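# Descriptive analysis of the structure
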Amino acid sequence: MELLGNKYLFMGIKGLGANVEYLWTITDTLGHNVSRKRNIIPSFETHLGPRSGIFKFEDEVSYWVNYSDTIFTISPDLSYHTSYIITPGEHRATYQNPPFSLDLPIKLLEFYSPHSFMETNHYLVSRYNFKGKFAYVFIEKNTHKTHIAYFEWKRDVKGGIPDNFDGGAVFNPDVYYADDKNEYLAGTVQPFQLKIHVASQEFKNSTPKYPEKKKELERLANSLNENDNPVLMLVKLKN
């Protein structure tokens, strides 16, 4: 769920096999329903749970669910429009009645599947898997030019965007915000993960763009306790 303007609460709805009456509902601050979007996707038989997400940009919220090709954007006046279309085709996974097998998750990694979306003034940002690879993509909204960062994603390895500035831990953005004309993506890293990273041979052998920042990062990691609060990571976007 996400705040919509200063009067409403937006709640996206998803269901196994699209078996839901509404795609979203909007309530006022007292919990009274003020708007709903009826789901027009026919329900289907499946045992695969859906992915979905809500992301906020300026005063609007956007909602997506992976059994739909449409990303909707909703305004504080409760109107909505289609903001992006995920191109349909054979590259998309078919969730209806997939043959069950132990290697089904591996087979599904071959198809395009979004994990998350974010929007900035200049980019649509998404994490996804396709053809067995995981990546973040930054799509320039005006030119449609793409910038892709591939990474590993396993049960015991949670990858992200590599840091070649100071050799730091990989970056997984959680939120976007703007401060005057500057734009930032923000995420967190656990202290024990940062300490493990700076003790690794990968970090010690890295040659970042700013070696002095690498030393600062090492001093920060060594000053932390494993049980400290998560460390905030900020990335300033180019204008």
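Counting restarts for each chain: residues are numbered from 1 in the order of the written sequence. Local features in a predicted model are, by the rule used here, given only for residues with pLDDT of at least 70; side-chain atom pairs are given and counted only at 80 or more, and totals for whole chains, interfaces and linings are based on all residues. Values reported for side chains reflect all heavy atoms of the structure, with hydrogen atoms and water molecules removed beforehand.

## Considerations on the sheet that holds strand E5 (residues 52-57)
Formally: When DSSP finds at least two bridges between two strands, those strands are taken to pair. Numbering of helices and strands starts at the N terminus; helices are DSSP runs of H or I of at least 4 residues and strands are runs of E of at least 2. Here the axes come from fitting lines to C-alpha atoms, over the contacting stretch only for helices, and the angles between their N-to-C directions go from 0 to 180 degrees.
One open sheet holds the 4 strands; their spatial order is E5-E6-E7-E8, and the pairing between them is antiparallel. The sheet is open, and its two borders are formed by E5 and strand E8 (80-85), each paired with just one other strand. The sheet shows a mean angle of 25° between the axes of neighbouring strands, taken without regard to direction. Pairing of strand E7 (residues 70-74) with E8 involves 5 bridges; the strand directions are antiparallel. Among the inter-strand pairings, Ile 74 is bridged to a residue of E8, identified as Tyr 80.

## Digging into the nonpolar core
Selection rule: Within this scheme, the nonpolar core is defined by two criteria: the residues are buried Ala, Val, Leu, Ile, Met, Phe, Trp, Tyr or Cys, and they are joined through side-chain atoms within 4.5 Å. Categorising residues by exposure relies on relative accessible area from a 1.4 Å probe, with only protein chains included: less than 20% of the type maximum marks a residue as buried, more than 50% marks it as exposed, and the intermediate range marks it as partly exposed. Contacts: residue pairs with any heavy atoms within 4.5 Å of one another.
Ranked by internal contacts, the top residues of the largest apolar core, which has 24 residues, are Phe 138, Ile 161, Leu 185 and Leu 194. Among the secondary structure elements, those contributing two or more residues to this core are strand E10 (123-130), strand E11 (133-140), strand E12 (146-151), strand E14 (182-189), helix H2 (191-198), helix H4 (211-223) and strand E15 (231-236). It is E11 that contributes the most residues to this core, 3 residues altogether. Ignoring any residue separated from it by four or fewer positions in sequence, one finds Leu 185 in contact with Met 118, Thr 120, Phe 138, Phe 171, Pro 173, Val 175, Tyr 176, Met 233, Leu 234, Val 235 and Leu 237.

## Quick notes on the pattern of salt bridges
To keep it simple, the criterion reads: We define a salt bridge as a side-chain nitrogen of Lys or Arg found within 4 Å of a carboxyl oxygen belonging to Asp or Glu.
Within this structure, the stated rule accounts for 3 salt bridges. For Glu 21, the salt bridge identified is with Arg 38, shortest N-O distance 3.2 Å. Of this pair, Glu 21 sits in the loop between strand E2 (8-12) and strand E3 (22-28) while Arg 38 sits in strand E4 (residues 33-38), and the two are 17 residues apart along the sequence. Its relative accessible area of 48% is what places Glu 21 among the partly exposed residues. Judged by relative accessible area, Arg 38 falls into the partly exposed class, the value being 46%. Close ionic contact of Arg 92 with Asp 69 constitutes a salt bridge, the shortest N to O distance being 2.5 Å. Residue Arg 92 is located in the loop between E8 and helix H1 (104-108), and its partner Asp 69 is located in the loop between strand E6 (60-65) and E7; the two are separated by 23 residues in the primary sequence. For Arg 92, a relative accessible area of 9% puts it in the buried group. What makes Asp 69 partly exposed here is its relative accessible area of 28%.

## Observations concerning the packing of aromatic side chains
Our working rule: For this analysis, a ring pair means two rings from Phe, Tyr or Trp (six-membered ring only for Trp) whose centres lie within 6.5 Å, classed as stacked if their planes differ by under 30 degrees, edge-to-face if by over 60, and tilted for the remaining angles.
Inspection of every chain in the model, using the stated rule, returns 15 aromatic pairs. Ring geometry for Trp 24 against Phe 72: centres 5.4 Å apart, planes inclined by 70°, an arrangement best described as edge-to-face. One end of the pair, Trp 24, is in strand E3; the other, Phe 72, is in strand E7, with 48 residues separating them in the sequence. Under the relative-accessibility criterion, Phe 72 is labelled buried at 12%. Ring geometry for Trp 24 versus Tyr 80: centroids 5.1 Å apart, planes at 85°, classification edge-to-face. One end of the pair, Trp 24, is in strand E3; the other, Tyr 80, is in strand E8, with 56 residues separating them in the sequence. Assessed through its relative accessible area of 1%, Trp 24 is described here as buried.

These figures capture arrangement, not role.
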